[in-house]
Amino acid sequence: MAGPEMPGSAMELRSAGMPEGLTMHYSTPALLVIALLAILVVGRIIRSPEAPGRMAFGLAAVASVWWIAMVVLRLNSEELADKVLFSRLAWFGIIATPLFWSAGFLDHAGFSQITRRLPIALMLAFSGLAGLAALTDGYHHWIYTGIVNAERPSFSHGWLFYVLLGGMYLFMLLACLMSISQLKRASRLHRRQMVALLVATCVPWGCNAAFHLVGFRLFNDDPTPFAFSATVLAVLFAQHRGKLFIAPPIARDIIFSILPDPIVVLEPSGLVLEINPAAQMLTGFSAGTVGTKLPPSNPLMGFLAGEPEPETGKPLVHFDAMEKTFEVSIQPLEQWGRKGSVMIVLRDVTAREAAQKSLSDAGQALKLRLEENLRLQQQLEQQAFHDHLTGLFNRRHASSVIPPLLAKASEAAPVSLVIADLDYFKQVNDRYGHDVGDKVLASFARILSESLQGPEMAFRYGGEEFLVVLPATSRESALERCAQWRHELAIRTVAELEGVALSFSAGIAIAPEAGTALADCAKAADIALYRSKISGRNRDTVWGEHLEGMVREGPDQKGSADGKQRPLGPAGRKVALP
């Protein structure tokens with residue numbers, strides 16, 4: 001912004017006349033009030049905590065007080081030489097005020113580099129050189145070339161005046177545009193602060209432009225110093241209502257830099273727009289990654305393809321070279337004008353995933369152990385209720401499962417209880433060995449188990465004796481089943497007994513005719529079995545019919561009635577005992 005113009009030479013100072021008896025200029029009280037408000041702003045800034053732009057705004061306020069003070073002295077000086085001197089001295093404030101104000105505005109908007117020591121020193125030096133050029137203008141006429149009006153005074157312009165004016169305008173324009181570009185990113189409170197500072201910048205800037213472009217004047221003078229009233233009022237309002245310097249915006253770049261989680265901003269093509277320092281530690285990333293495209297093999301490229309996120313939890317990405325796992329949060333940037341671009345935030349969950357894997361492994365091990373325990377339990381149960389040789393239920397289990405079946409027996413739905421005993425089994429063991437005898441038992445057990453239907457059950461009742469319970473089975477059906485088993489036993493030979501026919505004798509008890517208790521039915525079936533044995537074996541007898549056809553045994557029949565078994569011949573024929 002431009003200040004009061006200076007005379008072109010010392011001769012012009014001597015020739016220009018000044019009105020006599022001049023008193024305090026009528027605009028002085030307004031300027032003094034503005035200066036006091038500016039001093040108040042400086043005091044408030046000094047007492048406020050450290051905040052972005054605080055130092056630059058303070059320097060701008062001090063420079064504006066200096067500028068206004070020189071304007072007051074100029075307006076209230078009677079001698080033209082004094083007016084020119086104060087006009088020259090004002091040039092330091094004329095240059096420093098917009099410079100420092102714009103720097104503070106930029107710093108508050110997040111461009112903190114502008115208020116570091118070197119830029120501040122350069123702005124002070126530039127303002128000092130501009131003031132020095134103004135003080136020596138009578139020798140070189142770079143700023144003003146002559147007096148146009150001796151009363152104010154006002155002057156014609158030199159080349160340096162336009163350079164300084166254009167430079168200040170350009171710097172302030174850039175500061176406003178760069179700060180406006182940050183409004184969308186700012187929070188509501190900080191957006192209000194930036195709008196107040198923008199108003200405080202534009203009002204004096206607009207007044208100065210109007211003064212030089214269209215000759216607008218206030219109190220018949222440059223309106224720029226008076227426009228500072230709007231500046232200081234806007235700052236005071238922003239301090240009181242907008243918490244300026246009390247709740248300053250924390251620069252987004254600082255937050256971006258200190259976050260421990262890696263942050264990567266990508267375009268749809270995989271072009272890296274931005275990364276924070278934490279992301280530079282990722283495999284395939286460095287400080288020079290910004291502005292380059294990620295290779296297709298990079299694990300982050302998968303999140304640009306619009307892959308659906310898992311139904312539970314956030315997606316995970318693995319960097320194998322780092323041996324790290326990250327949880328991924330994806331933020332589309334469409335509302336910030338970057339359609340298709342995304343910001344990917346990674347959170348290191350390596351420890352969590354390792355703990356979960358350890359817990360999962362422990363759970364899997366526990367599951368396997370429980371399954372093994374269940375298997376062992378089932379095996380023990382199998383051993384407790386099953387015969388280890390034949391796989392059939394044992395006698396202990398029969399005592400628990402058969403009674404309920406017998407209790408339900410009726411004339412309409414009888415239950416048949418069959419006790420089958422292999423004929424001449426002891427001779428098989430004695431002649432061919434117990435291993436062959438075990439094979440015979442297992443073979444007969446398979447015949448029984450393969451024929452079972454529905455609730456029917458087979459048991460190894462002891463030695464070569466088997467018990468079969470057939471619910472809802474009549475006498476005729478039970479005899480048919482025995483005939484079927486006998487046929488199967490005759491044709492299903494054991495290799496070691498090639499040519500030897502096997503057979504069994506059976507006793508059948510029908511409940512409820514024989515009783516509904518296991519002991520009663522088993523005793524009845526055992527009596528019927530005995531009748532089958534003494535009647536020549538390889539036959540079936542039903543209890544209740546076991547006394548039919550009984551005759552007294554003669555001496556020649558004692559061989560089969562005295563309890564002694566006859567050995568088997570090659571074709572199952574009886575042979576004499578040795």
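Parameters and conventions
Residues numbered from 1 in each chain as written. Predicted model: local features only at pLDDT ≥ 70, side-chain atom pairs only at ≥ 80, totals over all residues. Heavy atoms only, no water. Helix = DSSP H or I, 4+ residues; strand = E, 2+ residues; numbered from the N terminus. Buried < 20%, exposed > 50% of the residue type's maximum accessible area, 1.4 Å probe, protein only. Contact = heavy atoms within 4.5 Å. Areas by Shrake-Rupley, 256 points an atom, 1.4 Å probe, with all protein chains shown as cover. Core = buried A, V, L, I, M, F, W, Y, C linked by side-chain atoms within 4.5 Å. Salt bridge = Lys/Arg side-chain N within 4 Å of Asp/Glu carboxyl O. Pairing = 2+ DSSP bridges. Axes fitted to C-alpha atoms, helices over the stretch in contact; angles between N-to-C directions. Phe/Tyr/Trp six-rings, centres within 6.5 Å; stacked < 30°, edge-to-face > 60°. pLDDT = per-residue confidence, 0-100. Parallel < 35°, antiparallel > 145°, perpendicular 65-115°, else oblique. Polar contact = N/O pair within 3.5 Å; in protein donor to acceptor, adjacent residues only side chain to side chain.

A. Molecular detail of the overall build of the protein. When you go through the protein residue by residue, the secondary structure sums to 17 helices and 12 strands. Counting only residues that meet the buried cut, the protein has 44% of its 578 residues in that class. Considering only intrachain contacts with a sequence separation of at least 6, the fraction spanning at least 24 residues in the protein is 64%. Of the roughly 30000 Å² that the protein leaves accessible, carbon and sulfur atoms contribute 60%.

B. Up close: the nonpolar core. Membership of the largest hydrophobic core comes to 58 residues, with the highest contact counts inside it found for Leu31, Ile68, Trp91, Ile95, Trp101 and Ile143. No other element matches helix H4 (residues 80–108), which puts 13 residues into this core. Those residues in contact with Ile143 that lie beyond four places of it in its chain are Trp91, Ala130, Ala133, Ala134, Asp137, Ser156, His157, Gly158, Leu160 and Phe161. Of all hydrophobic cores here, the second largest spans 30 residues; its members include Leu422, Phe466, Ala478 and Leu497.

C. The arrangement of the pattern of salt bridges in detail. Applying the stated rule across the entire model yields 17 salt bridges. A salt bridge links Arg352 to Glu327; its shortest N-O distance comes to 3.2 Å. In this pair, Arg352 sits in helix H11 (residues 350–385) while Glu327 sits in strand S6 (residues 324–332), placing the two residues 25 residues apart along the sequence. When its relative accessible area of 35% is taken as the criterion, Arg352 is described as partly exposed. With a shortest N-O distance of 3.6 Å, Glu476 and Arg475 are connected by a salt bridge. In this structure Arg475 comes out as partly exposed when scored by relative accessible area, which is 29%. The network of salt bridges with shared partners includes Glu327, Arg352 and Glu353.

D. Structural detail: the sheet that holds strand S7 (residues 342–348). As summarised here, the arrangement of the five strands in space is S4-S3-S7-S6-S5, forming an open sheet in which the pairing is antiparallel. In the strand order of this sheet, the two ends are held by strand S4 (272–275) and strand S5 (316–319), each with one partner. With direction set aside, neighbouring strand axes in the sheet form an average angle of 30 degrees. Bridge count for strand S3 (residues 263–266) against S4 is three bridges, and the pairing is antiparallel.

E. A look at unusual backbone geometry. Note that the residue after Ala511, namely Pro512, is joined by a cis bond; omega there is 10 degrees. Examined against the element boundaries, Pro512 turns out to sit in the loop between strand S11 (504–511) and helix H16 (518–534). If you check the backbone angles, His141 has positive phi at about 55 degrees while not being a glycine. Along the polypeptide, His141 turns up in the loop between helix H6 (137–140) and strand S1 (144–149). Here Asn538, not a glycine, exhibits a phi torsion of approximately 55 degrees, which is positive. Note that Asn538 resides in the loop between H16 and strand S12 (540–542).

F. How the structure looks around the packing of aromatic side chains. Within the structure shown, the criterion is met by eight aromatic pairs. Aromatic pair Phe161 and Tyr162: ring centres 5.4 Å apart, planes at 85 degrees, arrangement edge-to-face. When its relative accessible area of 49% is taken as the criterion, Tyr162 is described as partly exposed. For the pair Tyr169 and Trp205, a centre-to-centre distance of 6.2 Å together with 70 degrees between the ring planes defines the contact as edge-to-face. Placement of Tyr169 in helix H7 (residues 159–180) and of Trp205 in helix H8 (residues 188–214) is noted, with a sequence separation of 36 residues between them. You'll find Tyr169 and Trp205 in the same group, each marked buried. Through successive ring pairs, a cluster of aromatic residues spans Trp91, Phe161 and Tyr162.

G. Looking closely at the sheet that holds strand S10 (residues 465–470). What the five strands build is an open sheet, ordered S9-S10-S8-S11-S12; its pairing is mixed. Looking at strand neighbours, the two that pair on one side only are strand S9 (457–462) and S12, the edges of this open sheet. Going from strand to strand, the sheet's axes swing by 20 degrees on average, the running direction of each strand aside. Across three bridges, the pairing between S11 and S12 is parallel. Residue Gly507 lies in a different strand from S12, and its bridge partner there is Thr541. The sheet contacts of helix H15 (residues 475–491) involve strand S8 (415–422), S10, S11 and S12, and relative to S11 the element is tilted by about 160 degrees.

H. View of the confidence of the model for the protein. In this model, the protein carries a mean pLDDT of 80, and residues with pLDDT of at least 70 account for 82%. The least confident element of the protein is helix H1 (residues 10–15), whose mean pLDDT is 38; the most confident is S10, at 96. Within the model, the stretch residues 1–22 combines pLDDT values under 50 with 73 contacts to residues more than four positions away or in other chains.

I. Representation of the environment of Ile508. Along the chain, the position of Ile508 falls in strand S11. A C-alpha to C-alpha distance of 6.8 Å links Ile508 and Ser416, two positions 92 residues apart in sequence. Setting aside residues no more than four positions away along its own chain, Ile508 makes contact with Leu417, Val418, Ala478, Leu479, Cys482, Ala525, Ala528, Asp540, Thr541, Val542 and Trp543.

J. Structural context of the packing of helix H13 (residues 425–432) against helix H14 (residues 434–451). Between H13 and H14, whose axes approach to 7 Å, the crossing angle comes to 140 degrees. Relative to H14, the element H13 lies oblique. From H13, Phe425, Val428, Asn429 and Tyr432 reach across to H14, where they touch His434, Val436, Gly437, Val440 and Leu441.

K. Looking closely at the environment of Val264. Structurally, the position occupied by Val264 is in strand S3. Given a relative accessible area of 0%, Val264 falls into the buried group. The sequence separation of Val264 and Asn276 amounts to 12 residues, and the corresponding C-alpha distance is 7.1 Å. Setting aside its immediate chain neighbours within four residues, Val264 contacts Val272, Glu274, Ile275, Ala279, Leu282, Phe285, Leu300, Val342, Met343 and Ile344.

L. Region of interest: the side chain of Ser127. Take Ser127: it is sitting in helix H5 (residues 117–135). One polar contact links the side chain of Ser127 to the main-chain carbonyl oxygen of Met123, over a distance of 2.9 Å. In contact with Ser127, not counting residues within four places along its chain, are Phe92, Ile95, Ala96 and Leu99.

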